Structure formats: C-alpha cells, structure tokens
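Reading the structure
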Amino acid sequence: MSEASVESKTRKIVIDPVTRVEGHGKVTIHLDDSGQVQQARFHVVEFRGFERFIQGRPYWEVPVIVQRLCGICPVSHHLAAAKAMDKIAGVDAVSPTADKLRRLMHYGQLLQSNALHIFHLASPDLLFGFGAPVEQRNIVSVLEHFPEIGKWAIFIRRFGQEVIKATGGKKIHPTSAVPGGVNQNLSIADRDALRKDIGQILSWCLLALDRLKRVVAEREAEHKEFAYFESNFLSLVRADGVMDLYDGLLRAIDADGNVIFDGVEPSSYQEQIIEEARPWSFMKFPHIRSLGRERGWYRVGPLAQINCAASVDTPIAEAERRLFMKMGEGAPIQSTLSYHYARLICLIHSAEKIQQLLFDDDLQGADLVVTGHRRGVGVSCIEAPRGTLIHHYEVDENDQVTRANLIVSTTSNNEALNRAVSSVARKYLPGNEITDGLLNHIEVAIRAYDPCLSCATHALGRMPLIVSVEDAAGRLVQQRIKQ
Amino acid sequence: MSDQDFLITVDGMKVRAKRGQTIISACDAAGVYIPRLCHHPDLKPAGHCRLCSCYIDGRRASACTMPAAPGMVVVSNNEELNNDRRVVLDMLFVEGNHFCPTCEKSGDCELQALAYRLGITAPSLTYQWPKREIDASHPDVFIDRNTCVLCSRCIRASRDVDGKSIFGFSGRGLGMRLNIDSETKLSDTSFAAIDKAAKVCPVGCIVIKRTGYRTPIGRRHFDKAPIGTDIEACEVGDPE
Ligand code: SF4
Ligand code: SF4
Ligand code: FES
Ligand code: NI
C-alpha cells in the first residue's frame, strides 16, 4: 500500500464521523497537485486503554470486564475472552453443555447483530438507492414504505437478544461464560419458548435474502463495481474446512482463492499475522507475515467467512452459499457490496444453527465447568459478526493479567476501508467539491464493512460526518457537516 | 418467654430480648431488620460503620453495640436516619473504586444491596478514585482493596475466631487501608481459604480465587432475597 508521498504537495479532504464514544474515526482524502485522488485513509482512534486497564486484574474477571470494550459486540468479546481463559485455566475442551451453550449464545449474537446491520443500517441504502434523499435513507422510512421488512427487522433482532438472555442472563451483557465452562445451562422453559419462534424467524431470514437478491439483480452492475478491489481473506474454519463461526483454525486465502495458510491454531496466530504500528494512526495494521506489508493485508467479516469456508454445515445456508459463489466462477467474491449478501447468508446460517441447538439435549446437561492446571498464556479466536476477533492474554503465577493483545475485526479491515474509500473518492469526487453524492457513497462504502467505530451511530441508524477540505498548506478551504 | 427475657419496642413493634443481647441481635432474632455493615452475627461488635445508628430512648446510638434493656424504645426506620445511612453509603462508594457491573461480588455484596434497599442508584458525592493495592500473592485468596469498606470484619474474624490476627488497619481518614500482618504479602502469612476471615467480607475485597461468576445473575444471594428480608449476613462460599 502506498504512503502519501511527503514531497508532493498533496491537498487533504478530511471526513470526520463524530461519535459520542471512544470509537471515533475520520476519512482523509489526499489529492495530488492536479486535483486527482491520490489515496484515502480511514483513521480509527481505537480505545486501546483497555489493554492497560486489565493489567493486574484476576483472569476470571476478564470475560466480564472485556464486554465493556464495545457497545455493539459485548457478547463476542465475552466469549473470546472466556475461550482464552479456558486455556489459562488449563482446559483444552469444555463440557458439551458448556460448548453448546456458548455456541447458542454466539449464534444469538450473530443473528441480532447481523440483523441490526442489515435492516437498520444497510436496508435504507439498498431499498431506496444510494442517491436517495437523506430523509428517506433511514429505518423509519423503511418501516413506512416496507412495513413487512420493518417487522423482520424488529423480530429477528429481538429473537437474537432473547437467545442471548436465555443463555447468559442478560440481553446485552451476558456473564454466563466462565473460565473452563459456563455457570448455567438452558432451562426447559427458555428452550421451549425459543423453539416456538425459531421456525418463523428462519423463514423471515429467507424472505429477507430473497428481497436482497432482487435488489442485487436489479442493479447488478452497480453492486459489482461499487468500491471494488481484490484482496486476501481471513477466517476461522473447522479442521475439515467447513464453516465454524465459534471455534476452529485460521485459514487465509488469496484473491484467486489459493490457500496462503490453513489449519493454524489460534495460539500460533503470531507466526502468520504480524501487527505493524504506523505513526499517523493509533491503529495497528495486521498483515500476513509471509506476504509482507504491501501485499499481506486481508479482509475479514461475512464475505471472508463465506469465501474461506469449503462448505456450510446447515442446508439452507449451504445452498445459498453455492449460489453466491457461482458469481465468482471459482474465485472468491470480491465486491464490497457483496458483504451484505454474505451477511444475510451468515444470518440464515445462525438461525439454522440456533434451530439445531434448541433440539439438542446436551444444553440441559449438568456438567458445566472443567478445571485444569493453570498456564501462563491464553489465545483465542472467534468469528464475530464483523469478522475474526483475536484475544491474547498472559497471566502470572498470582493469577493476574500481565499483558493483553486484542486484534478486532475493524483493525483487520483497516486497509480494506482505505481501499473502499479511495475507490469511491476516485469516482465521485468532482474536483475538491464535497458533494452530497460523495458523502453518501463514502458512507455506503464504509457501512458495508460495518466498522465498530459506529458504536454510537448504530443507535442513530446513520453516520454523521464532518467533511473538511484542506489546501496544500493545511488551511481549511471547505467544511461540511452532515448529520 | 423465660424469666430472663423482656420486651423492647422497635419502630412500634414489640421485640423480645435477652439479658446481655444487643439490640441488633434481638431484632435479628425477631425478624426486624436494622441496616448494618460492620456487624456480623458471628463476630464481636465493633460499632465502626454507623449504619445501624438508631434513636434509643431518644438518643442516637449504635444498635450493634448497645445492649437491650427492658422497656427500651428504638426508632430505626425513619427518613432522618435513612438519609444519614445514605450519606454513609455514598461516602463508602466514592472513597473506594466500585464498578458493580463487572465486580464478581455483584449480587452477593452487602454494600450494593444496602444501596438498593435505600434507593441509591448513583453516588451524589464526587468520586475520589483513590489508589488501592491488590494482593494476589496467596494461592487461594485474592485481596482487592479497591472495594474495601474498612468494616474490620476480617480483622475481628482473624483475631477472635481464627486466632491469627493477620489483618489490621494502617493510616487514618481517607488514607486508611487494610493492612496485612508482617506488612508484606498475604502469602507470607498463615492465612487459609477456610479461615473465618476469608468468608466474612461484605464486599468484593476478600474473595476466594477462581470461583467468581460461578453463580448466574438472578440466582445470587440478594437477587433471591433483598437485604433485610432474610437476616443472616451472607457468607462467601455458601451463596445458597
Ligand atoms: S464490592 Fe459491592 S459495591 Fe463494590 S463494586 Fe463490588 S458489588 Fe459493587
Ligand atoms: S477486607 Fe472486607 S472485611 Fe476486611 S475491612 Fe475490608 S471490607 Fe471489611
Ligand atoms: S453495624 Fe453497627 S456500627 Fe456498623
Ligand atoms: Ni465492537
């Protein structure tokens, strides 16, 4: 990836999404002397204070503390930390009841988070078109014009939250995963209540996918070309290559679908992935060690989850995966907007998994926690709704955390976000004029990757932007705020 | 009612007491709850926290130290006394570092339960964010002074029940801290997880290692019975 060269007098356009939380980002578009887009960067001021904050804390506290990292994916952090702390507690395999209860919670989280993204954030763009007026591109308008879709939005999300509550005691911050297992099983009453609704939820997920496929078919060319670029992909898969979003081994493939590495234990992630710090960003840039920093960046998230899997072990999602992969004629799917399509397949997979688990008697088992001999290091990976999440902890002989390293999905997607914004800016930036069209398209491109800095904007359902144009000397030429 | 027994009046209710019994233990036996923090039924009274302060025959005194006497009239549950209790609790919250949502004692914590009972949702005083030390050296017990409320239960339990005198206080006022004998580490003492002192802490300061969060939310001590509805002080290790 090319750094903006220092010697050429580049002009800068800054786009700054304002959020009320730690996650805060902005987009800078660098123009060259002739006014052409040279490159774009997506900056994230990540909340890294966490790694220091947990130093000295006892390891069994971490799965609960770590949830406070993020308002959107607390469940993913809770489970990733619990999995890492299993290792610290000397446990390589938790009981079937513990494994399945955590999985059920995870699929509940994937269902509610993916639904939130698809319906509340992406659907206004997809249904009304990227050029539609701002007043129309929001969930309220969706509810008004497509009441059916609004119903799916509310009930699918709520069902996911109910699954989380049944498996973890609370809808948002469950605490049932403990080092070595879980502190509860699934009650018969909760199981039966969820069983009653899962069929309906699954069928709504299928209707949503059909609707999206129609949108894609109507605007095939636009969907294919929008913010298009090719990349490597990273995801967890099961040892046999089948999709497994809760646990498994790391697999990376290149743009042609060739394996870069495969079967990598999460504990060996550092042998394959290296994190690089850059002076202009608080964010680290993870990349694949063997390919180096220029070529080693990769994408994570639903598109990577689908591209990396050899197959999916639930029938409907597998049939849809095959259809989806046909578009690539044997190669991975690359277009930015196909993230939405892939996310819907993952949504269906999660609903199918929940259905399977609700009929599994292991969930009422009594064998909850396994113990072992303490170890000093624990690493885990999980496929969060936004992609691969890595938690890495070191714990001393007094049970206190001495070091933590987290690689979150948004960090992994950082270069992809740069590329997506660059691609859009090249196409939609007329001179140095910040038009509505440019803002909208940048927003749509960023949204496809669902970066987690949008913690606050998730609640609002849109991303406020501050856009500034700076001249070569760094003086502000133009600024626009888009609420 | 034996010859020794007599009656006192607490908030208008008749409560039977024995000679030599404190007001708080007579009330406990009768199922009448007086808020408390430093008092523990198995330990000698200390009169540290002022939470049990009542009007006893018209004068303010601690119900945990005052012996009951025939015909005594006690007022515990009125707005003035409860407001004073809120101020005491408020101070305890801001003088320590309490973050209930992630604390392993949450739901089993007497400080938190008292705050709920008295309707405190957030302290009204300014947080002090004091620096407090952790002692994780012991293989089975974790001490996190961030939540210590200086109630002296552990001190009395270690001295009077365990016969070890492992804990004490050092400093005064805001700088007061729980001190460990030999001024070194807990692992250098004869402290054991089965000691009474390991089981009486009302907050999350002295906890048994690797057992946190094992009881689901909703099934913890004060989830099932808000403080004051069953009078026994809760003991770590037997949350049921
Ligand atoms: S000790 Fe009690 S009051 Fe303090 S943080 Fe823990 S639960 Fe809350
Ligand atoms: S450690 Fe617990 S029992 Fe001991 S003084 Fe502090 S709060 Fe009281
Ligand atoms: S309980 Fe009486 S002073 Fe603490
Ligand atoms: Ni997040």
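It should be noted that the structure appears before, not after, this text.
An account of the accompanying structure is given in this report. (Residues numbered from 1 in each chain as written. Chains lettered and ligands numbered in written order. Predicted model: local features only at pLDDT ≥ 70, side-chain atom pairs only at ≥ 80, totals over all residues. Heavy atoms only, no water.)

Thoughts on the overall build of chain A
Helices and strands together make up the secondary structure of chain A, namely 17 helices and 16 strands. Within chain A, the fraction of its 483 residues that count as buried is 63%. Sequence-distant contacts, at least 24 apart, represent 69% of the contacts inside chain A between residues at least 6 apart. Accessible surface, chain A as shown: approximately 17600 Å² in total, 51% of it carbon and sulfur. (Helix = DSSP H or I, 4+ residues; strand = E, 2+ residues; numbered from the N terminus. Buried < 20%, exposed > 50% of the residue type's maximum accessible area, 1.4 Å probe, protein only. Contact = heavy atoms within 4.5 Å. Areas by Shrake-Rupley, 256 points an atom, 1.4 Å probe, with all protein chains shown as cover.)

Comments concerning the overall build of chain B
The number of helices and strands found in chain B is 5 helices and 10 strands. Taking the intrachain contacts of chain B between residues at least 6 apart in sequence as the baseline, contacts between residues at least 24 apart amount to 62%.

Focus: the site of ligand 2
For ligand 2, the set of nearby residues contains 13 residues, the closest of which are C148, C151, S152, C154 and C201 of chain B. Along the lines of polarity and charge, the residues of the shell around ligand 2 split into 11 nonpolar, 1 polar and 1 charged. (Near = heavy atom within 4 Å. Nonpolar A, V, L, I, M, F, W, Y, C, P; charged D, E, K, R; others polar.)

Some words on the sheet that holds strand β13 (residues 387–395) of chain A
Strand pairing in a sheet is mediated by backbone hydrogen bonds. Such pairs are either parallel or antiparallel. Residue and element names in this part refer to chain A. Pairing is antiparallel in the open sheet, where 3 strands are placed in the order β12-β13-β14. Lying at the two open borders of the sheet, with one neighbouring strand each, are β12 (377–384) and β14 (401–407). If you compare each strand with its neighbour and ignore which way they point, the axes differ by 15° on average. Along the sheet, helix α3 (residues 74–88) contacts β12, β13 and β14; its crossing angle with β12, the most-contacted strand, is approximately 150°. (Pairing = 2+ DSSP bridges. Axes fitted to C-alpha atoms, helices over the stretch in contact; angles between N-to-C directions.)

Points about the packing of helix α4 (residues 96–128) of chain A against helix α6 (residues 147–168) of chain A
Residues and elements named next belong to chain A. Between α4 and α6, the shortest axis-to-axis distance is 8 Å and the interhelical angle comes to 160°. Overall, the two elements α4 and α6 adopt an arrangement that is roughly antiparallel. Judged by the twist between their axes, the crossing of α4 over α6 is left-handed. Across the interface between the two elements, L101, L104, M105, G108, Q109, L111, Q112, A115, L116, F119, H120 and L127 of α4 pack against I149, W152, A153, I156, R157, F159, G160, Q161, V163, I164, T167 and G168 of α6. Per-class residue counts for the contact of α4 with α6 are 15 nonpolar, 8 polar and 1 charged. (Parallel < 35°, antiparallel > 145°, perpendicular 65-115°, else oblique. Left-handed = near helix turned anticlockwise from the far one by under 90°.)

A word on the sheet that holds strand β6 (residues 134–135) of chain B
All names here are of chain B. Strands sit in the order β6-β7-β10 across an open sheet of 3 strands; the sheet is antiparallel. Each end of this open sheet is capped by a strand with a single partner; those strands are β6 and β10 (206–208). Across 2 bridges, the pairing between β6 and strand β7 (residues 141–144) is antiparallel. Bridge pairing in β7 places D135 opposite I143.

Concerning the site of ligand 1
In the region of ligand 1, the neighbouring residues are F93, H98, F99, C100, C103, S106, C109, L111, T147, V203 and G204 of chain B. Each residue belonging to the shell around ligand 1 can be placed in one class, and the counts come to 7 nonpolar, 4 polar and no charged.

Looking at the pattern of salt bridges
Opposite charge on two side chains allows them to pair when their charged atoms are near. Overall, the coordinates contain 38 salt bridges over all chains when judged by the stated rule. When the shortest N-O distance is used, the salt bridge between R103 of chain A and D244 of chain A registers 3.0 Å. Here D244 of chain A lies in the loop between β6 (232–237) and β7 (249–253) and R103 of chain A lies in helix α4, a separation of 141 residues in the sequence. With a relative accessible area of 7%, D244 of chain A lands in the buried category. Between E148 of chain A and K151 of chain A there is a salt bridge; the shortest N-O distance is 3.5 Å. Taken together, the positions of E148 of chain A and K151 of chain A, both in helix α6 and 3 residues apart, correspond to about one turn of that helix. Residues participating in the shared-partner salt-bridge network are R374 and D399 of chain A together with D140, K209 and R210 of chain B. (Salt bridge = Lys/Arg side-chain N within 4 Å of Asp/Glu carboxyl O.)

Focus on α4 of chain A
All names here are of chain A. The end-to-end C-alpha separation of α4 is 46 Å, in line with the 48 Å expected for 33 residues at 1.5 Å each. When you tally the buried positions in α4, you get 31 out of 33 residues, the bulk of the element. Phi turns positive one or two residues past the end of α4, at G129, with a value near 90°. (Expected span 1.5 Å × (residues − 1).)

Structural notes on the nonpolar core
Grouped together as the largest cluster of nonpolar side chains are 119 residues, with contacts concentrated most on I29, L111, F119, I156, F324, I354 and Y393 of chain A. In terms of residues, this core owes the most to one element, α4 of chain A, which gives 13 residues. By size, the runner-up hydrophobic cluster in this structure holds 40 residues, among which are Y33, C109, A113 and C148 of chain B. (Core = buried A, V, L, I, M, F, W, Y, C linked by side-chain atoms within 4.5 Å.)

Take it as geometry only, folks, not as evidence of what the structure does.
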